[in-house]
Amino acid sequence: MFGNDIRFDGRVAIVTGAGGGLGREYALLLASRGAKVVVNDIGSPDELLGTGSSDVPAASVVAEIQALGGEAIADTHTVATGEGGRAIVGAALDTWGRVDVVINNAGIIGPIKTFADLTDEDVDTVLGVQLLGPFNVLRPAWKSMVDQGYGRILNISSGSMFGQGEACTYPVAKAGIIGMTTNLGLAGPAYGIKVNALLPVGFTRMVENMPEPALGWLRDTFPATAVAPVAAFLVSEEVPCSGVSFSAGGGRFARVFLGETHGVTSARLTIEEVRDTFGTAMDTDGAATIANVGDELALYAAALAGR
């Protein structure tokens, strides 16, 4: 029924935020299938705020991988700076001479506050890790992948991008990750690189402050181990797509996509006509999937052709 096992022999993978939770599961699974892994984690005792540091989490995961016969090194540089990103990629290149896989998993949620109460530091800290972090790691990794003609990148987004309320630094950053994935996903295949995104649902320390009964449901239904197979496939040689986003959790995975309704077309659109046809523009029946800006322009071309 199924084909040959998917392996990563000879491949070098960087997994950021791999000292625990979902990142740990990604690193362990890739290593178990033959990948050499850079386990990156600053080891923050407070995962929500990203404060403090320790080399214990990354070293512990490396020890787990080595105990199972795999190869791994620990890295404790931050993804929040360009210097840190270059150091993380440099660790892979200095040790094994290449970078084949990057999973941008490192992240913090930040303080839970109303929008008006967010400080400059709150915003800069969360966006610095969640949105700029992947830029900082991928810029040096991209160069190496282009030079070798191969690469697989997985950017970790979040279902929070669908909307969760006022404390929106985290979901805004995660929505930005989708934009990065779509654009690099279009550019990458010309260089042998494929880039996709994953919106995982898994029980980790980041959700431990949720109230019951939601917390218990997450703990019982969404083990982190159930997300890792989807992540691993999306960074394998066999992944068929690039620039696509997926949701995964609890043994389920599905494509996530942008769409656009059929809309309203008028030769001389007025404010009043916008008001009177607003419901039609909102109607999602027959909505089209949008994978890139060309898809949207094609919708406009079709709608305006007969005007």
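Because the structure is predicted, anything quoted here is derived from the model rather than measured.

### Examining the packing of helix α1 (residues 21-32) against helix α2 (residues 56-67)
One can describe the packing of α1 onto α2 by two numbers: an axis separation of 10 Å at closest approach and a directional angle of 25°. Looking at the two axes, α1 sits roughly parallel to α2. For the element pair α1 and α2, the recorded crossing hand is right-handed. Between α1 and α2, the residues in contact are Arg24, Ala27, Leu28 and Ala31 and Val61, Glu64 and Ile65, respectively.

### A short note on the side chain of Ser160
Here Ser160 shows up in the loop between β5 (151-156) and α6 (169-187). The buried category is assigned to Ser160, whose relative accessible area is 9%. Discounting residues that sit within four places of it in the chain, Ser160 has contacts with Tyr170, Pro171 and Lys174.

### Examining the domain arrangement of the protein chain
A common way to state how big an interface is: give the accessible area lost once the parts meet. Entries for the protein chain in the domain assignment read domain 1 (12-256) and domain 2 (259-306). The centre of domain 1, based on its C-alpha atoms, is set 36 Å off from the matching centre of domain 2.

### Points about the packing of aromatic side chains
Applying the stated criterion across every chain, the model contains one aromatic pair. Judged by centre distance (6.2 Å) and plane angle (80°), the rings of Trp142 and Tyr191 are edge-to-face. In this pair, Trp142 sits in helix α5 (residues 132-148) while Tyr191 sits in the loop between α6 and β6 (193-200), placing the two residues 49 residues apart along the sequence. Relative accessible area serves as the criterion here: at 40%, Tyr191 is assigned to the partly exposed category.

### Focus on the packing of helix α4 (residues 120-130) against α6
Where α4 meets α6, the closest approach of the two axes is 9 Å, and the angle between their N-to-C directions is 30°. Relative to α6, the element α4 is oriented roughly parallel. Where α4 crosses over α6, the two elements pack in a sense that is right-handed. Residue-level contacts link Val123, Val126, Leu127 and Gln130 of α4 to Thr169, Tyr170, Ala173, Lys174 and Ile177 of α6. Classifying every residue of the contact of α4 with α6 by side-chain character gives six nonpolar, two polar and one charged.

### So, α5
Three or four residues apart is the spacing at which side chains of an α-helix point the same way, because the helix has 3.6 residues per turn. The terminal C-alpha atoms of α5 lie 25 Å apart, and with 17 residues this matches the ideal 24 Å at 1.5 Å per residue to within 8%. Its axis deflected by about 35° at Leu138, α5 carries its strongest bend there, up to four residues before the proline Pro140. For α5, every residue scored as buried is listed here: Gly133, Pro134, Asn136, Val137, Leu138, Ala141, Trp142, Ser144 and Met145. Following α5 by one or two positions, Gly149 adopts a phi angle in the positive range, close to 75°.

### With respect to the sheet that holds strand β3 (residues 71-75)
As summarised here, the arrangement of the eight strands in space is β3-β2-β1-β4-β5-β6-β7-β8, forming an open sheet in which the pairing is mixed. Two strands lie at the open edges of the sheet, namely β3 and β8 (252-256), each paired on one side alone. Mean inter-strand twist for the sheet, computed between neighbouring axes without regard to direction, equals 20°. Helix α3 (residues 82-96) contacts β1 (12-16), β2 (36-40) and β3 of the sheet and is inclined by roughly 145° relative to β3.

### Section: the pairing of β5
Here β5 lies mainly inside the structure; six of its six residues are buried. Judged by which residues are buried, β5 turns out to be covered on both faces: Gly151, Ile153 and Asn155 on one side and Arg152, Leu154 and Ile156 on the other are all buried. Relative to β5, strand β4 (residues 101-104) runs parallel, the two sharing four bridges. Within β5, the residue paired with Asn104 across the bridge is Asn155.

### Considerations on a nonpolar patch on the surface
Residues Val264, Leu269, Val274, Phe278 and Met282 make up a contiguous nonpolar surface patch of roughly 460 Å² in combined accessible area. In this structure, Val264 sits in the loop between β9 (258-260) and α9 (271-276).

### A closer look at the nonpolar core
If you look at the biggest cluster of nonpolar residues, it comprises 36 residues, and the most contacted ones within it are Tyr26, Leu30, Val37, Val39, Ile65, Ile103 and Leu198. Breaking this core down by element, the ones donating at least two residues are β1, α1, β2, α2, β4, β5, α8 (228-234) and β7 (245-249). Ranked by residue count, the leading element in this core is α1, at six residues. Among the nonpolar cores identified, the runner-up in size contains 23 residues, and Val99, Val102, Val129 and Ile153 belong to it.

### Concerning the pattern of salt bridges
For the structure on display, the rule yields nine salt bridges. As a salt-bridge pair, Asp122 and Lys113 come within 2.7 Å of each other at their nearest N and O atoms. Accessibility expressed as a relative area gives 28% for Lys113, which makes it partly exposed. Within the structure, one salt-bridge network assembled from shared partners comprises Arg11, Arg98, Asp100 and Glu237.

Cut-offs and rules
- Residues numbered from 1 in each chain as written.
- Predicted model: local features only at pLDDT ≥ 70, side-chain atom pairs only at ≥ 80, totals over all residues.
- Heavy atoms only, no water.
- Axes fitted to C-alpha atoms, helices over the stretch in contact; angles between N-to-C directions.
- Helix = DSSP H or I, 4+ residues; strand = E, 2+ residues; numbered from the N terminus.
- Parallel < 35°, antiparallel > 145°, perpendicular 65-115°, else oblique.
- Left-handed = near helix turned anticlockwise from the far one by under 90°.
- Contact = heavy atoms within 4.5 Å.
- Buried < 20%, exposed > 50% of the residue type's maximum accessible area, 1.4 Å probe, protein only.
- Domains from an automatic or database assignment.
- Phe/Tyr/Trp six-rings, centres within 6.5 Å; stacked < 30°, edge-to-face > 60°.
- Nonpolar A, V, L, I, M, F, W, Y, C, P; charged D, E, K, R; others polar.
- Expected span 1.5 Å × (residues − 1).
- Bend = angle between axes of the 7 residues up to and from the residue.
- Pairing = 2+ DSSP bridges.
- Patch = residues over 30% accessible without salt bridge, like charges linked within 9 Å, V, L, I, M, F, W, Y side chains within 5 Å.
- Areas by Shrake-Rupley, 256 points an atom, 1.4 Å probe, with all protein chains shown as cover.
- Salt bridge = Lys/Arg side-chain N within 4 Å of Asp/Glu carboxyl O.
- Core = buried A, V, L, I, M, F, W, Y, C linked by side-chain atoms within 4.5 Å.

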